[in-house]
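# Chains, contacts and geometry: an overview
Residues per chain, in single letters:
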Amino acid sequence: MNFSPQVALVRNLPNSFANCLKQETPSEAIDVLRAKAQHQQYSELLKRLGLRVIEVAADEALPDCCFIEDTAVVIGNKAAINFLGAAERRGEEKQVHQKLRELKIETHSIEAPGTVDGGDVLVTGQHLIVGLSARTNEQGARQLGSIFSDIPLVMVPVKGSLHLKSVLSAFDRHTLLFGQSAAARQIFMELDKICNLSRHYEIIFLPDDVAANVLSIGVNIVIQEGFPESEPILQELALKRNKKLHKITMSELIKADGALTCCSILI
Ligand code: CIR
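Described below are features of the structure shown in this document.

Cut-offs applied
- Residues numbered from 1 in each chain as written.
- Predicted model: local features only at pLDDT ≥ 70, side-chain atom pairs only at ≥ 80, totals over all residues.
- Heavy atoms only, no water.
- Core = buried A, V, L, I, M, F, W, Y, C linked by side-chain atoms within 4.5 Å.
- Buried < 20%, exposed > 50% of the residue type's maximum accessible area, 1.4 Å probe, protein only.
- Helix = DSSP H or I, 4+ residues; strand = E, 2+ residues; numbered from the N terminus.
- Contact = heavy atoms within 4.5 Å.
- Expected span 1.5 Å × (residues − 1).
- Arc of directions from axis to C-beta.
- Polar contact = N/O pair within 3.5 Å; in protein donor to acceptor, adjacent residues only side chain to side chain.
- Near = heavy atom within 4 Å.
- Areas by Shrake-Rupley, 256 points an atom, 1.4 Å probe, with all protein chains shown as cover.
- Nonpolar A, V, L, I, M, F, W, Y, C, P; charged D, E, K, R; others polar.

### Focus on the nonpolar core
One broad rule of soluble globular proteins: the nonpolar side chains tend to lie buried together. Membership of the largest hydrophobic core comes to 27 residues, with the highest contact counts inside it found for Phe17, Tyr42, Leu46, Phe67, Leu215 and Leu253. Where this core is concerned, the elements lending two or more residues are β1 (7-11), α1 (32-48) and β12 (215-217). The element that contributes the greatest number of residues to this core is α1, accounting for five residues. Once residues lying within four places of it in the same chain are set aside, the contact partners of Leu253 are Leu13, Phe17, Ala35, Gln38, His39, Cys66, Phe67, Gly258 and Cys263.

### Looking at α1
With 17 residues, α1 extends 24 Å between its outermost C-alpha atoms, agreeing within 8% with the 24 Å of an ideal straight helix rising 1.5 Å per residue. When we look at burial in α1, the residues that qualify are Val32, Ala35, Gln38, His39, Tyr42, Ser43, Leu45 and Leu46. Down the axis of α1, the sector holding all buried residues measures 160°, keeping them to one side. Turned more than 90 degrees away from the buried face of α1, the exposed residues are Leu33 and Arg48. Among the structural elements, β1, β2 (52-56), β12, β13 (220-224), β14 (244-248) and α7 (251-254) are those in contact with the buried residues of α1. Where α1 begins, the capping side chain belongs to Asp31, and its oxygen is found 3.2 Å from the backbone nitrogen of Leu33. Residue Gly50 follows α1 closely and has a positive phi angle near 100°.

### Focus on the site of the ligand
Taken together, the neighbourhood of the ligand is formed by 13 residues, with Leu21, Asp64, Glu69, Arg89 and Arg135 sitting nearest. Between the ligand and Arg135 there is a distance of 2.8 Å, counted from an oxygen atom to a side-chain nitrogen or oxygen. Backbone polar atom of Ala256 to a nitrogen atom of the ligand: 2.8 Å apart, as the coordinates give it. Notes on the ligand: free accessible area 340 Å², of which the protein chains cover 98%. Split by residue class, the shell around the ligand holds five nonpolar, two polar and six charged.

Shown next, in the form of C-alpha cells:
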C-alpha cells in the first residue's frame, strides 16, 4: 500500500449494481441510488484529502466494476493487472489497465491459471501479504511475488471471509487492524506463525470486521461510519499516532461485501 498516495483511481457504479455478486442475499435489497450517492461521497472525500481522483467510466455489463481495487495491484510505478477469481467479473481489468498505461505505470499481467483479487493483497511496507481465498490462488500469489520481487511475499489461507482485507488492513506502516471474527483471528494466528507478525507490527483488534478495513492516506484515516464499538478504539489510535479520522457511510456497498479499500486504487 502506498501510505502517501497522490492519485486515486475510482470506478463509478453501474445501474446494474444490484446484480453484483453477494456472499449472502442482504436482508434489505441494495438501494442503487443510495449506493451511487455513497460512492460519490467517497470520491469527493478523496479529493478533499488532496488526491487527484481519476474516474473510470462504469460498465453496465460489469455490475461489480466499482470494486476497482480487485483489478490491479499498484506499488510505486509498477502494476500487476489481475486475472480475477470470479469469472463473472473478468473484463473489469481492461479499462483499468488502459488508465494505468496512460499514467505511464509499468504493467504486468497475472496469467491463468493464476488468479488474484486485489482485496486479497495487503502491502504493508514490510511485506506483500497475499490471502489464498476462493478468489486468489497460489499460482496467482507467486506471480505477484515475482512482479514485486523486492518485497517479501507472505501467503496466508483465508477461510470464512471473501477477501483477506474483508477482515484486516494497515492503519500505517507499523500498525495492522484486525477484526475479531473467527476468520480474522485464524488469519492473525497463521500470519503470526509464518512471519512473526506481532514482532513487526502493533496489532489492534476491533470488534467489527468491516471497521478493520480503513483507508490510510498520509495523516488521514478514512473509517466506516456506523460501528460504535470499533470507533472509540480507532479514535484513540488516531490520537496516539497524530492521525485525522474521517467517517464515511458505505452501507449499500457493504451489502455487496465491499469495504473501503475496494473502491479505489491508490497510487
Ligand atoms: C465481489 O463479490 O467480488 C464483490 N461483490 C465485492 C468485492 C469487494 N472487493 C474488495 O473488498 N476488494
